[in-house]
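Architecture and fold: a report
Take a look at the letters that make up each chain.
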Amino acid sequence: MPILVNLDVMLAKRKMKSNELAEQIGITTANLSILKTGKAKAIRFSTLDAICKVLNCQPGDILEFVEDNNDVPE
Amino acid sequence: MNNSINLVKVLKVLFRAAFLLSIVVGGVVLLMDIFSTDRNIGSFYSNAHHSAGYPMPVIVKVDFPDSIISYKYPGGGGSITYGKGREIDVYMKELSDSLSMLPNVEKDVITNEARFYPEEARALQLGYSSLTTDGYLYFRSQNLFITFLMVLHTYLSLILFAVCFFQLWKIFASLERSFSFHVVIIKRLNWLGALLVLSELVKVAMHMIFRSYWGLARITTLNNGRFVSSGVDLSFNPNLDVNWLLILLGLSVFVLSALLKIGYNLEQENQLTI
């Protein structure tokens, strides 16, 4: 997956714990864990909006595009 | 939603009962076939038993003349047969017309009538001299391969019913636990579709072998070993008996299963959307 989720980096920068963030944005810790570990298939705009508001950051601070050589068409 | 779950519960119970019943009936029939020399146990009567042979689907055709006029005259005699749809020989027609002109002819008329009972009072006479219907003939063969095929053919339907009921019972049990898409349901539906199509194709292959082995069976009237055209002619032709509905149902189940797989993937995606 060429999209990386840097949520743990932002959490460390803001010195916030996962369960605090989960509580504030209104999702379960299990779902937040899925998001952090990159297992999520998609993220809702409403969730992204809530995360950005709580962590006071931009979507680009959380999501990063990394080129995957396997996905490059020949 | 509640109605659907209630229906799922009812269907689960029904398919479970049907599965258990098919196992019990199939088991009793099989045990009787193996261990008993008699096809009756009390009032229970087994349809498939080695003592009477195994059923084979056939097309039964009955040809019969409508009327047979036998005539005798000094120095000779003969008979004229009339049948609807049968060509009457010109010579016989002339002979029949001239019969009434002859003074010393003894005539004996036999009429074959096809009647439908119990409507005896308003008996329907057929407009033709031939009847065709589907049925089963019980055969016993000296050929081991054919006997094996006949036994397999007989029990295949029982096995198919039992396995289909089992799969449906498990599908509805799974739906009762959680009314959503499951990989288990998809796999079971694939099994069900494959079973319906394959069992029907195997049956058709068996019917083709029976057909090539037996060809045509016939019951005819013989007089001193010679064929009598005025008699009733009964013929049994092994039937291919293809149940297209089951084959189409099996193929439709495959399509449904593919659709469920898409649903399952969408549900998974939805669950992993945070």
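Reading guide: rules and limits
Residues numbered from 1 in each chain as written. Chains lettered and ligands numbered in written order. Predicted model: local features only at pLDDT ≥ 70, side-chain atom pairs only at ≥ 80, totals over all residues. Heavy atoms only, no water. Core = buried A, V, L, I, M, F, W, Y, C linked by side-chain atoms within 4.5 Å. Buried < 20%, exposed > 50% of the residue type's maximum accessible area, 1.4 Å probe, protein only. Helix = DSSP H or I, 4+ residues; strand = E, 2+ residues; numbered from the N terminus. Contact = heavy atoms within 4.5 Å. Disulfide = S-S within 2.5 Å. Buried area = accessible area lost by both parts, 1.4 Å probe. Salt bridge = Lys/Arg side-chain N within 4 Å of Asp/Glu carboxyl O. Polar contact = N/O pair within 3.5 Å; in protein donor to acceptor, adjacent residues only side chain to side chain. Expected span 1.5 Å × (residues − 1). Bend = angle between axes of the 7 residues up to and from the residue. Pairing = 2+ DSSP bridges. Axes fitted to C-alpha atoms, helices over the stretch in contact; angles between N-to-C directions.

**Points about the nonpolar core**
Residue and element names in this part refer to chain A. Within the largest apolar cluster, 19 residues are counted, with the highest numbers of intra-cluster contacts made by Leu 7, Leu 21, Leu 32, Leu 35, Leu 55 and Ile 62. Secondary-structure elements contributing two or more residues to this core are α1 (7–13), α2 (18–25), α3 (29–36) and α4 (45–55). The element contributing the most residues to this core is α4, with four residues. In this structure Leu 21 touches Leu 7, Leu 11, Met 16, Leu 32, Val 54 and Leu 55, once residues within four positions along its chain are discounted.

**Looking at the state of the cysteines**
This model, assessed by the stated rule, comprises zero disulfides over all chains. For the unlinked cysteine Cys 52 of chain A, the closest cysteine sulfur is that of Cys 57 of chain A, found at 4.4 Å.

**With respect to the interface of chain B and chain A**
Contacts between chain B and chain A engage five residues on the former and eleven residues on the latter. With both chains or domains summed, chain B and chain A bury close to 710 Å², and 65% of this area falls on carbon and sulfur atoms. Counting the surface chain B buries against chain A, the share from its top three residues, Leu 272, Thr 273 and Ile 274 of chain B, is 86%. Here chain B and chain A share zero salt bridges between them. Across the chain B-chain A interface, the total number found is five residue pairs in polar contact (both at pLDDT 80 or more).

**Brief notes about helix α4 (residues 183–214) of chain B**
The terminal C-alpha atoms of α4 of chain B lie 46 Å apart, and with 32 residues this matches the ideal 46 Å at 1.5 Å per residue to within 8%. Taken from the residues just after α4 of chain B, Gly 215 of chain B is the one with a positive phi, measuring 65 degrees.

**Some points on helix α3 (residues 144–177) of chain B**
Residues and elements named next belong to chain B. Between its first and last C-alpha, α3 extends 48 Å over 34 residues, near the 50 Å set by a 1.5 Å rise per residue. Helix geometry: α3 is bent most strongly at Tyr 155, by close to 35 degrees. Of the residues that open α3, the one with a side-chain oxygen 2.9 Å from the backbone nitrogen of Phe 145 is Asn 143.

**Focus: unusual backbone geometry**
All names here are of chain A. Within the chain, Lys 15 stands out as a residue other than glycine whose phi angle is a positive 50 degrees. Structurally, Lys 15 can be placed in the loop between α1 and α2. A relative accessible area of 77% places Lys 15 in the exposed class.

**As for the sheet that holds strand β3 (residues 54–63) of chain B**
Residues and elements named next belong to chain B. If you walk across this open sheet you meet the four strands as β7-β3-β11-β8, and the pairing is antiparallel. One side of each edge strand has no neighbouring strand; the edge strands of this open sheet are β7 (130–139) and β8 (217–219). Sheet twist, expressed as the average angle between the axes of neighbouring strands with direction ignored, equals 25 degrees. Strands in contact with α3 are β3 and β7; relative to β3, the strand with the most contacts, it is inclined by about 95 degrees.

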